[in-house]
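What follows is each chain in one-letter form.
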Amino acid sequence: MPGFTDIINAIVLLLNFVFMPALSYGSQLALGALAVTLVYAVLKFANFAQGDTMAFSTVITILITWLLQKSGITLGFMPTALLALPFAIIACIIYVLLTDKFIYQYYRKQNSKPITIVMASVGVMFVTGGLVRFILGPTHHIFADGARFIITAREFKAMTGLAEGLAIKTSQFLTITIAILLVGFVFYFLQKTKTGKAMRAYADNKDLALLSGIDPDKVVRVTWMLVAVLTSIAGVLYGLDKGFMATSYNQLLLPMFAAVIVGGIGSPIGAIVGGFVISFSEAILTYAYKKFLIYLLPAVLQPDSLVQFLGTEYKFAISFVILVIVLLLRPTGIFKGKVI
Amino acid sequence: MSQYNKRVIVTFSIMFFLLLMVGLGQSWSLSLSILNLCLISAIMTLGVNIQWGYAGLFNVGIMGFTALGGLSAVLISKESISKAVTAGGMRMLVALSIFLLTIVLSIYIYKKFKNKWLVIATILAGYFITRYFYIEAAQSIEAINPAFSGYLGGLDLPVLLSWIVGGLLAAGAAWLIGKISLGLRTDYLAIATLGISEIIIAIIKNEDWLSRGVKNVTAIPRPVPYEIDLQQAVWVKEILAKLYAGSLHLLPVSEQATALKAHISDAAIVLVKLCYSGLFVAVLLLIIILAGLALDSPWGRMVRAIRDNEIAASAMGKNVKQRHLQIFVIGSAIAGVSGAMLVTYNGQFTPGSYIPLRYTFLIWVMVIVGGSGNNLGSVVGGFLIWFLWIEAEPVGFWLADLSTSFLDQGNFIRQHLLENAQYIRLIFMGAVLLVVMRFSPDGILPETNKKL
Amino acid sequence: MIKVNNLSKHFGGIKAVDNVNLHIKKGSITGLIGPNGAGKTTLFNLIAGLCKPTSGKIYLGGEDITGLDSHNLFHKGLLRTFQIAHPFPTLTVLENLMMVPGNQLGENIINSWIRRGQIRKQENNLQKKAEEVIKFLNILHLKNEKAGRLSGGQKKLLELARTMMVDAKVVLLDEVGAGVNRTLLRQIGDAILRLNQEHGYTFCMIEHDMDFISQNCVIQ
C-alpha cells in the first residue's frame, strides 16, 4: 500500500506535469476560441485568420518590448511585454477593423454565402502570416523577461519537504489570472451592458435585431474590437509561455476550432469549456505515467515502460480526433451551439 | 470564335510564353521544373475543383490524400526488407487487424445494442490488445538497421503502378471519410477534412515502421532514365555534337571536349525532365478527357441538377448523398494520384513537407483564380499560381535587393529584408486571392454552364 | 393509395401536424384545403420524405413508407411538386425533363466512358418522350430555354411536366395554381384531368383557389 507521502507526491507530480500546463494552455486556447466563436456568432463565418492575427499582435508586442528594454524600461519580476500589450491591442483593433472595412464588409453587404467569406479569411490568413514572417522571420523568439518562476520546484520541495516539486511559472500565473479577469469581463459585457445585449440579439436573430433599432455597424465594430482584445492577450500569453514562432500560431487554428466546435459553436461558455477539454485531453493522453504509477503501486506491479497512451508527437492529432468524434456524435457541441 | 474560346487560347498562350521566358532568361532546366510542378499542381487542383465545382464540397484535407499517394509510391516501389518483415511483420498485421476489428465491432455493437458501456468496454479492450501486439512489432521492425531502413519496405513493383494504387488508396480513405462527414455543413466539412488530413499526416510522420516517418525515404525508383545513363548514351552524344557543331567549331580544339560534355550533362537533365513532362501531360490529358466525357453525359446532367437544387433533385429520385460521396472519392483519388506523381518526381518521400494549412490553401487559390467548376480553369489556375509562387521568391528577393541597394551590405535593415523577402510571396498570394475573390469571383476561366 | 395513420410532427413545442388520419383513394383527385399555417405543406413534406414524423405511419399502396427518403419514394411512384417552384435553373427545359427518369444508363459514370453509343440511343428516346410532354403542355417554344429564365407560371408547368416523365402512381401537388394566370391555370387543370383519366394518376392537391378545387375534385 502506498504511504500517505507517496500519494501526495503522486498528486503533486500530476499537478506539475499535467494539471498546470493544461490549465495554462487551456486558458490560452479558451481566449482564442472565444474570439473565434464571437466572430462565428455575430459575423457568421469561421475565421481562418485567427491564429495569424494572434501572431500579429504578439509581433507588435515583441517589437515594443524590445524598444522598452533598450530604453531601460522594465517591469521588475513581471514580463515587460505586459507594458507593450495595450499598444499591441490598439494595433490589433486597427488591423481587424481595417480588414473588416476593406474585405469582409463587402461580402456582408452582398449577403454572400458563408463559404465565400471563409475563403476571404483564408486570404487574410495568408497576408497576415506573410506579414508576421516578413517582420520577425520564421525562427523562434523568446521575449519573456522578469522572473521565470513564481515558485520554483526547488522552493516548493524545500517548503513542503516532498520529493516532487510543483513549480508555477510566471507565465502560467499570468495566463490564469488574466484569463479569469478577461473572461469575467467578457461575460459581464455580454450579459449586463446594452451593447453586449445588442450583440447577442444580433447574433441570435439579425433581422429582428435590426428591426428593433440596433445599429449593425456598431455591433460589428464592437465585436471586432472585443475579438482584437481577446486575440492579442491570448497571443501574448501563449508567446510568453512557449516563445514566439510564426508557424506555431498558425497551427493553433485547429485546436481552437476544435475547442469551439466541442463546446458548441456560437456559445461563449462552450468555447471556454472546449478549450480546457482540448488542453486537458492532450495533456492526459500524452503524459508518461511511469513515475506516477511507481508512487502508487507496490513494487511488484511497477511498470517498466513509460506508460504513455499516445506519443507526444500525436499531441496535435488528439484535438483533431476529438473534433471529428464530436462532429460525428454531437455536432451541436456540449452547449448546444448553432445547429448545422 | 466565342469569347470563352478566345480566353482559353489567350491564357494558355500566356502560360506557354512565361515558361519560354524562364527558359531563355534563367534556364531550360528551371523552366521544365516549373512546368512539371505546374502539371502536378494542375492535377491536384482538378481533384479539388471537381469536388467544389460539382458538389460544393469544401475539402481542405487535400494534403492528407496527397500524402497517401506519396505513401503508396514508397510502399509499392521500394524493395522489401525481409529482415524487418520476419521480425515484426506478422505481429503488425495482427495488431492492425485487431484495430480494425475493434472499430467494426464497436460500431456494430452501438447500432445493435445501443449500450454505451459495452461500446466503451470493446474500445478499451481492443485498444489494449492492439497496443500489446503493436508496440512489440513496431519496435522490432524499427530496430532492423534504423539508420538506413528501420521499416517494412515496399513491394518492389514498378513505380508507375503506385500512381494507380495511390489513387485507389486515397479513394478508399475518402470513401470512409466521406461516409462519416459528408452530411456536415460546408464550413464544418472544411474543418473536419482538415482535421482528418492532419491525423493521416501525423500517423505517417510518426509510424517509422511504415515509411520511416520523418527520417524520409529516398532513392525511390524512377519510371524514366537516369541522367547518368543518358550522359553515357551514344545517341545523345551524336545528336548534341551535331546540334552544337557550329559553336564548338569556334572553340580551340582542347576545349571542345569539355564544352561538349557540359552540353551533354545539361541536355541529360533537360531530357529527363521532358520525359516526366510527357508522362505528366499524358495523365493530365487522360483525367481531363475522362472528366469531360463524364460531364457531357446524363451523369453530368444529374450532377448539375443536384448542384442547382438538391431538394428537387432528390424529389426526382436522385440519391444526392451517394452522388456527393462519389464525387468526393473521385476528387480525392485524383489528389492521391498527384501525390504519387510528386513523390516519384522528387525521388523521395518527405512527410515533413506536407504542411496542410499552407499547401492546401495554395491549391484553393489555384481553384478560385483558375475558375471554379471549370476543368480547364483548374489547369490554368494550377499553372499560374504555382508559377507566381515559385517566381515570387526570386522576384521578392530582387525587389528587396534593389530597394536597399543604397544601404551597405552589413546594414541591419538590408540584411533583414533580404532574409525575409521570401515571405513577401505569402502576402502576395493572399492579396491575389482577395483581389480575385472580390473583383472576379468566377475566376479566369469561368464555368460555361453556369450562366443563365 | 396513400394511407396516413396518427401522423404527428412536433417542432420543439409546436405541433405542426397533430395526429392526422388521411386516406387518399386510388385514381382520385383529392383536394386538401385549410387556412394558412394549418400544416398542409408539412403534411406533404412528411409524406414525400422531406422530413421525418415524430410519430405515426404512412402507407403507399399498402407498403409502409414511413421515414423513407424522397429519392426512394420517387422510385416507388410517389412524386411531388413544390409550392415555390424548384426547377433546375441552369438546365434547359428539355434537360430538366430528361434528367427525371431513373435507371438511365448514362447516369453511371463508368458507362459515360465506355458505353457512349448505347447512351446516345437512350438519350434520343428520352428526348422524344420529353418533347411529347412538352407538346402536351403546350410549352414547345420553351424547349431550349434555361429553366431559370421562365416565368413563375411556366415554372409551375415545368414542375407538372417533370411528373409526367415517369409512370407516377400518385402525385402531390402543393399549390400548383399559386401565382398562375387564369389561362395557364386552366391548362394545368386540363392536364391534371387528362393525366387522371387517361393515365390513371392519383392526385392530391393543396389549394387555396376554391374554383380550381371544385372544378377538379369530388367532395368526400
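Note that the structure is predicted; figures quoted are calculated from it, not measured. (Residues numbered from 1 in each chain as written. Chains lettered and ligands numbered in written order. Predicted model: local features only at pLDDT ≥ 70, side-chain atom pairs only at ≥ 80, totals over all residues. Heavy atoms only, no water.)

Enquirer: Which residues make up the overall build of chain B, and what values go with them?
Expert: Helix and strand counts for chain B come out as 19 helices and 0 strands. Viewed in the frame of its principal axes, chain B has a C-alpha envelope of about 90 × 65 × 50 Å. Considering chain B as a whole, with its 452 residues, one finds that 52% of them fall into the buried category. Residue pairs at least 24 apart in sequence account for 82% of intrachain contacts in chain B once pairs closer than 6 positions are excluded. In the form shown here, chain B has an accessible surface area of approximately 20,600 Å², with 70% of it arising from carbon and sulfur atoms. (Helix = DSSP H or I, 4+ residues; strand = E, 2+ residues; numbered from the N terminus. Buried < 20%, exposed > 50% of the residue type's maximum accessible area, 1.4 Å probe, protein only. Contact = heavy atoms within 4.5 Å. Areas by Shrake-Rupley, 256 points an atom, 1.4 Å probe, with all protein chains shown as cover.)

Enquirer: Pulling in residues and values, what's your account of helix α6 (residues 152–163) of chain C?
Expert: Its 12 residues give α6 of chain C an end-to-end C-alpha distance of 18 Å, which sits within 8% of 16 Å, the value for a rise of 1.5 Å per residue. Packed against the buried residues of α6 of chain C are α14 (310–315) of chain B together with β6 (78–80), α3 (93–98), α5 (116–136), β7 (170–174) and α7 (182–199) of chain C. (Expected span 1.5 Å × (residues − 1).)

Enquirer: Give me the interface of chain B and chain A: which residues, what numbers.
Expert: The partner chain A presents 47 residues to the 42 residues of chain B that form the contact. For the pair chain B and chain A, the two sides together bury roughly 4,200 Å², of which 77% comes from carbon and sulfur. Counting the contacts that link chain B with chain A gives 3 residue pairs in polar contact (both at pLDDT 80 or more). Broken down by secondary-structure element, the contributors of at least two residues to the side of chain B that touches chain A are α5 (116–143), α7 (186–206), α16 (356–370), α18 (412–420) and α19 (424–439) of chain B. The class makeup of the residues in the side of chain B that touches chain A is 29 nonpolar, 6 polar and 7 charged. (Buried area = accessible area lost by both parts, 1.4 Å probe. Polar contact = N/O pair within 3.5 Å; in protein donor to acceptor, adjacent residues only side chain to side chain. Nonpolar A, V, L, I, M, F, W, Y, C, P; charged D, E, K, R; others polar.)

Enquirer: Would you mind going over the environment of Lys 290 of chain A in detail, with residue names and values included?
Expert: Residues and elements named next belong to chain A. Tracing the backbone shows Lys 290 in helix α13 (residues 290–296). Remark: the alpha-carbon pair of Lys 290 and Leu 306, spanning 16 residues in sequence, is separated by 5.0 Å. Lys 290 has contacts with Pro 303, Asp 304, Ser 305, Leu 306 and Val 307, leaving out every residue within four places of it along the chain.

Enquirer: An account of a positive patch on the surface is requested, with residue identities and associated values reported.
Expert: A surface patch of positive charge is lined by Lys 111, Lys 114, Lys 179 and Lys 321 of chain B. With respect to the element layout, Lys 321 of chain B can be found in helix α15 (residues 320–346). (Patch = residues over 30% accessible without salt bridge, like charges linked within 9 Å, V, L, I, M, F, W, Y side chains within 5 Å. Salt bridge = Lys/Arg side-chain N within 4 Å of Asp/Glu carboxyl O. Lys, Arg positive; Asp, Glu negative; His and termini not counted. Charge placed at Lys NZ, Arg CZ, Asp CG, Glu CD.)

Enquirer: Describe helix α17 (residues 375–403) of chain B, listing the residues and the values that go with them.
Expert: Here α17 of chain B spans 40 Å end to end across 29 residues, near enough to the 42 Å set by a 1.5 Å rise per residue. You can read the cap of α17 of chain B off the contacts: a side-chain oxygen lies 2.9 Å from the backbone nitrogen of Leu 376 of chain B, and it is on Asn 374 of chain B.

Enquirer: So, the domain arrangement of chain B: which residues are in play, and what are the values?
Expert: A common measure of how large an interface is: the accessible area buried when the components associate. Residue and element names in this part refer to chain B. Taken domain by domain, chain B comprises domain 1 (3–80 + 153–439) and domain 2 (81–152). When each unit is reduced to the centre of its C-alpha atoms, the spacing between domain 1 and domain 2 is 34 Å. Facing the 14 residues of domain 1 at the interface are 15 residues of domain 2. Between domain 1 and domain 2, roughly 1,000 Å² of surface is buried when both sides are summed, and carbon and sulfur atoms account for 52% of that area. One can count 0 salt bridges joining domain 1 with domain 2. At the junction of domain 1 and domain 2, the tally comes to 1 residue pair in polar contact (both at pLDDT 80 or more). Looking at the side of domain 1 that touches domain 2, the element that brings in the most residues is helix α8 (residues 208–211), giving 4 residues. Along the lines of polarity and charge, the residues of the side of domain 1 that touches domain 2 split into 4 nonpolar, 4 polar and 6 charged. (Domains from an automatic or database assignment.)

Enquirer: Tell me about the pairing of strand β4 (residues 55–60) of chain C, residues and numbers included.
Expert: Side-chain direction in a regular strand flips from residue to residue, so the side chains alternate between the two faces of the sheet. All names here are of chain C. Note that strand β1 (residues 2–11) and β4 share 5 bridges and pair antiparallel. The residue of β4 that forms the bridge with Ser 8 is Ser 55. When β4 meets strand β5 (residues 63–64), the two strands line up antiparallel, connected through 2 bridges. Within β5, the residue paired with Leu 60 across the bridge is Glu 63. Between β4 and the antiparallel strand that follows it, β5, lie 2 residues; Gly 61 among them carries a positive phi value of about 55 degrees. (Pairing = 2+ DSSP bridges.)

Enquirer: Any chance you could break down the packing of aromatic side chains for me, citing the residues and the numbers?
Expert: Two numbers describe a pair of aromatic rings. These are the distance of the centres and the angle of the planes. In this structure the tally under the stated criterion is 27 aromatic pairs over all chains. Relative to Phe 361 of chain B, the ring of Phe 48 of chain A lies with its centre 5.6 Å away and its plane at 75 degrees, an arrangement referred to as edge-to-face. A residue pair is termed interchain when its members come from two chains, as with Phe 48 of chain A in the loop between α1 (4–43) and α2 (50–70) and Phe 361 of chain B in helix α16. Just as Phe 48 of chain A is buried, Phe 361 of chain B falls in that class too. Ring geometry for Tyr 201 of chain C against Phe 203 of chain C: centres 5.9 Å apart, planes inclined by 45 degrees, an arrangement best described as tilted. Like Tyr 201 of chain C, the residue Phe 203 of chain C is buried in the burial classification. One cation-aromatic arrangement involves Arg 438 of chain B over Tyr 106 of chain A; the distance from NZ or CZ to the ring centre is 3.7 Å. The side chain of Arg 162 of chain C reaches across the aromatic face of Phe 88 of chain C, ending 4.9 Å from its centre. (Phe/Tyr/Trp six-rings, centres within 6.5 Å; stacked < 30°, edge-to-face > 60°. Lys NZ or Arg CZ within 6 Å of the ring centre and 35° of its normal.)

Enquirer: I'd like to hear about the pairing of β7 of chain C, residue by residue, with values.
Expert: Residue and element names in this part refer to chain C. Taking burial as the measure, the 5 residues of β7 include 5 buried ones, the bulk of the element. Residues Val 170, Leu 172 and Asp 174 line one face of β7 and the alternating positions Val 171 and Leu 173 line the opposite face, and both faces are buried. Alignment of β6 against β7, held across 3 bridges, turns out to be parallel. Paired with Arg 80 across the strands is Leu 172, a residue of β7. Bridging between β7 and strand β8 (residues 202–206) involves 5 bridges; their strand directions are parallel. Within the sheet, the bridge partner assigned to Val 171 lies in β8 and is Phe 203.

Enquirer: Before we move on, could you go through the sheet that holds β7 of chain C and cite the residues and values that matter?
Expert: Residues and elements named next belong to chain C. Pairing within the open sheet is parallel, and its 4 strands lie in the order β3-β8-β7-β6. Both edges of this open sheet fall to β3 (29–32) and β6, since each of them pairs with a single strand only. Strand-to-strand, the axes of this sheet are offset by a mean angle of 15 degrees, without reference to chain direction. (Axes fitted to C-alpha atoms, helices over the stretch in contact; angles between N-to-C directions.)

Enquirer: Describe in detail the side chain of Arg 425 of chain B, supporting the description with residues and values.
Expert: All names here are of chain B. Tracing the backbone through its elements, the reader meets Arg 425 in helix α19. Accessibility expressed as a relative area gives 13% for Arg 425, which makes it buried. At 3.3 Å, the side chain of Arg 425 forms a polar contact with the side chain of Glu 393. Apart from residues lying up to four places away in sequence, Arg 425 is in contact with Trp 389, Ile 390, Ala 392 and Glu 393.

Enquirer: So what about unusual backbone geometry? Which residues, and what values?
Expert: Residue and element names in this part refer to chain A. Of note, the phi angle at Lys 44 is positive, near 60 degrees, even though the residue is not glycine. By the element assignment, Lys 44 lies in the loop between α1 and α2. Judged by relative accessible area, Lys 44 falls into the partly exposed class, the value being 37%.

Enquirer: So what about the interface of chain C and chain B? Which residues, and what values?
Expert: Facing the 34 residues of chain C at the interface are 28 residues of chain B. With both sides pooled, the region where chain C packs onto chain B buries about 2,900 Å², and carbon together with sulfur makes up 62% of that total. In this assembly, chain C and chain B are joined by 4 salt bridges. A salt bridge links Glu 95 of chain C to Arg 304 of chain B, with the nearest nitrogen and oxygen atoms 2.8 Å apart. Remark: the boundary between chain C and chain B carries 17 residue pairs in polar contact (both at pLDDT 80 or more). Those elements that provide at least two residues to the side of chain C that touches chain B are α2 (70–75), α3, α4 (111–114) and α5 of chain C. When grouped by side-chain class, the residues that make up the side of chain C that touches chain B number 15 nonpolar, 11 polar and 8 charged.

Enquirer: Before we move on, can you summarise the sheet that holds β1 of chain C with the specific residues and values?
Expert: Residues and elements named next belong to chain C. Taken in spatial order, the 4 strands of this open sheet run β2-β1-β4-β5, and their pairing is antiparallel. The sheet is open, and its two edges are formed by β2 (14–24) and β5, each paired on a single side. Strand contacts of helix α1 (residues 40–47): β1, β2 and β4, with the helix running at about 115 degrees to β1, the strand carrying the most contacts.

Enquirer: Kindly report on the nonpolar core, identifying the contributing residues and their values.
Expert: If you look at the biggest cluster of nonpolar residues, it comprises 285 residues, and the most contacted ones within it are Phe 48 of chain A together with Ile 192 of chain C. Each of domain 1 (3–80 + 153–439) and domain 2 (81–152) of chain B contributes no fewer than three residues to this core. Residues in contact with Ile 192 of chain C, not counting those within four places in the same chain, are Ile 29, Leu 160, Leu 173, Val 176, Phe 203, Met 205 and Phe 212 of chain C. Counting 22 residues, the second-largest nonpolar core is a separate cluster that includes Leu 43, Leu 46, Ala 48 and Val 170 of chain C. (Core = buried A, V, L, I, M, F, W, Y, C linked by side-chain atoms within 4.5 Å.)

Enquirer: Let's hear about the pattern of salt bridges: which residues, and what values?
Expert: Where charged atoms of side chains with opposite charge meet at close range, the side chains can pair. Residues and elements named next belong to chain C. Taken as a whole and judged by the stated rule, the model has 19 salt bridges over all chains. Notably, a salt bridge pairs Glu 131 with Lys 143, separated by 3.0 Å at the nearest N-O pair. Placement of the pair is Glu 131 in helix α5 and Lys 143 in the loop between α5 and α6, with a sequence separation of 12 residues. Looking at Lys 143, the relative accessible area reads 24%, which means it is partly exposed.

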